[in-house]
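# Breakdown of the fold
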Amino acid sequence: MKSLLITGTDTGVGKTFIAYNIALTLKERGLKVGYLKPVETDVKDEPLDGGLLCSITGQDLKEAVPITYPLPLSPYACLLEGGEDFSIDELKQHYLNLLEKYDFLLVEGAGGIAVPIRKGYNYADLAKDWGLSIILVARAGLGTINHTYLSYFYAKSRGLNVLGIVMNGFEGKDISERTNPRIVQELTNIKPVEIPKIEGLVLERRHREALVSLIGL
């Protein structure tokens, strides 16, 4: 495996944070790591997600984030609001070019797995077209069971290989955090990786290694 898609159950679940810690750990192991966020929205000056990952990978921002829109919407919604159109085929060729350039390539979606990139084409379609296995990032607290269950089974229904489920942001304040991982495991037959909420960006080594173990590295 040379690449994967980091997707989520929703927006704001911590996909970029998880991608950052995986990229950092792989780089520490001596791998040449690349990052691709095909479309980043809510970009006022520079793409924040792309900029954060490029601080690890050393990439040019345009290489890592080829398409940006200023509105805080899904990529397809940005198109409907008058954003500049783009080619799915050219986007895939860009991915293939990066795949040749790096030892490992992290692809990050926008929002959840069913978010449309353009009409009739979402991140599950992209993962299938590009041959990407996925890591599904979910919230730790109340409401995550339904979101995780539906996202996981949607991915499976599309024939995608789910490498793991990451439940992100454990604080110990929400009583549902005590049972959510167990219930998600019972529903999906996947034991979630539990990631605490932290100050800063870099997780403890044991948590980063748990993330990288999902890739088999």
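Residues numbered from 1 in each chain as written. Predicted model: local features only at pLDDT ≥ 70, side-chain atom pairs only at ≥ 80, totals over all residues. Heavy atoms only, no water.

The next subject is the overall build of the protein. Counting its regular elements, the protein contains 9 helices and 10 strands. Over its C-alpha atoms the protein spans a radius of gyration of 16 Å, differing by no more than 12% from the 17 Å that the globule rule assigns to 217 residues. Dimensions of the protein, computed from the C-alpha atoms along their principal axes, are close to 45 × 40 × 35 Å. In the protein, which comprises 217 residues, the share counted as buried stands at 53%. Within the protein, residue pairs in contact and separated by at least 24 positions form 76% of the contacts whose partners lie at least 6 positions apart. Carbon and sulfur atoms make up 51% of the accessible area of the protein, which totals about 10200 Å². Across the protein, the centroid of the 24 positively charged side chains sits 6 Å from that of the 27 negatively charged ones. (Helix = DSSP H or I, 4+ residues; strand = E, 2+ residues; numbered from the N terminus. Rg over C-alpha atoms; globule rule 2.2 N^0.38 Å. Buried < 20%, exposed > 50% of the residue type's maximum accessible area, 1.4 Å probe, protein only. Contact = heavy atoms within 4.5 Å. Areas by Shrake-Rupley, 256 points an atom, 1.4 Å probe, with all protein chains shown as cover. Lys, Arg positive; Asp, Glu negative; His and termini not counted. Charge placed at Lys NZ, Arg CZ, Asp CG, Glu CD.)

The next thing to look at is the nonpolar core. A general trend in soluble globular proteins is that nonpolar side chains are found buried together. Counting residues in hydrophobic clusters, the biggest one holds 39 residues, and the most contacted among them are F86, Y95, V107, I117, W130, L132 and I134. Those elements giving two or more residues to this core turn out to be α4 (75-80), α5 (88-101), β5 (104-108), α6 (123-130), β8 (134-139), α7 (144-157) and β9 (162-170). If we skip the residues at most four places from it in the chain, W130 touches L36, P38, L91, K92, Y95, V107 and Y121. Judged by nonpolar contacts, the second largest core, of 31 residues, contains A23, A64, V137 and I195. (Core = buried A, V, L, I, M, F, W, Y, C linked by side-chain atoms within 4.5 Å.)

Here we take up the packing of aromatic side chains. All told, the structure shown has 3 aromatic pairs when counted by the stated rule. A centroid spacing of 4.8 Å and a plane angle of 50 degrees characterise the contact between Y149 and F153, whose relative ring orientation is tilted. Here Y149 pairs with F153, and both are found in helix α7, just 4 residues apart, close to one helical turn. With a centroid separation of 5.0 Å and 85 degrees between ring planes, the pair formed by Y152 and F153 is classed as edge-to-face. A relative accessible area of 8% means that Y152 is categorised as buried. Given a relative accessible area of 37%, F153 falls into the partly exposed group. Here the aromatic cluster, defined as three or more aromatic residues joined through ring pairs, consists of Y149, Y152 and F153. The ring centre of Y102 lies 5.4 Å from the NZ or CZ of K32, which sits over that ring. Its guanidinium or amino end placed over the ring of F86, R118 lies 5.5 Å from that ring's centre, counting from NZ or CZ. (Phe/Tyr/Trp six-rings, centres within 6.5 Å; stacked < 30°, edge-to-face > 60°. Lys NZ or Arg CZ within 6 Å of the ring centre and 35° of its normal.)

In this section: a nonpolar patch on the surface. Nonpolar side chains collect at one region of the surface, where Y149, L150, F153 and L187 lie side by side and expose about 340 Å² of accessible area between them. With 3 residues, α7 is the single largest residue contributor to the nonpolar patch. (Patch = residues over 30% accessible without salt bridge, like charges linked within 9 Å, V, L, I, M, F, W, Y side chains within 5 Å. Salt bridge = Lys/Arg side-chain N within 4 Å of Asp/Glu carboxyl O.)

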